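So you can see what is in the structure, the chains are spelled out below.
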Amino acid sequence: MKRGDIVRFKEVIDAGDAELRMVVLEDEDGGRVLTQALVGMRLNPTCRYSSQDLEVCCSSNAEQLH
C-alpha cells in the first residue's frame, strides 16, 4: 500500500465497515499504514491499521497528490 491508495477492510466486523473507505496517508511501514477515513466530516478521523486487515480499492499515483 502506498500513499494515496483508497483502502477498505477485508473482513466486515462492525456495522458500517463494508461502506467505509479510507485514504492511505503514509506508505506502509512495518506492516502498518496510517489512514484517514473518508466520512465527510470537517476533520476526518485518522487511525493506524495492520496492512493485513486492509485491501486496496483504488490505487493512486503519488505524483498526483500535492
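Residues numbered from 1 in each chain as written. Predicted model: local features only at pLDDT ≥ 70, side-chain atom pairs only at ≥ 80, totals over all residues. Heavy atoms only, no water.

So what exactly am I meant to see when it comes to the sheet that holds strand E4 (residues 46–50) here?
Neighbouring strands of a sheet are bound in pairs by backbone hydrogen bonds; such pairs are parallel or else antiparallel. Taking strand neighbours across the sheet as the criterion, the five strands line up as E4-E3-E2-E1-E5 in an open arrangement whose pairing is antiparallel. Strands at the two margins of the open sheet, each flanked by one partner only, are E4 and strand E5 (54–58). Averaged over all adjacent pairs, the angle separating strand axes in this sheet is 45°, with direction ignored. In this sheet, E5 lies alongside strand E1 (residues 6–9) in antiparallel orientation, the contact comprising four bridges. Considered in E5, the bridge of Arg8 is made with Glu55. (Pairing = 2+ DSSP bridges. Helix = DSSP H or I, 4+ residues; strand = E, 2+ residues; numbered from the N terminus. Axes fitted to C-alpha atoms, helices over the stretch in contact; angles between N-to-C directions.)

Would you mind going over the pattern of salt bridges with me for this structure?
Oppositely charged side chains can form a pair if their charged atoms are brought close together. For the structure shown, the criterion picks out two salt bridges. Between Arg48 and Glu26 there is a salt bridge, with the nearest N and O atoms lying 3.3 Å from each other. A residue pair is termed long-range when its members are at least 10 positions apart, and Arg48 in strand E4 and Glu26 in the loop between strand E2 (22–24) and strand E3 (32–37) qualify at 22 residues. For Arg48, a relative accessible area of 40% corresponds to the partly exposed category. (Salt bridge = Lys/Arg side-chain N within 4 Å of Asp/Glu carboxyl O. Buried < 20%, exposed > 50% of the residue type's maximum accessible area, 1.4 Å probe, protein only.)

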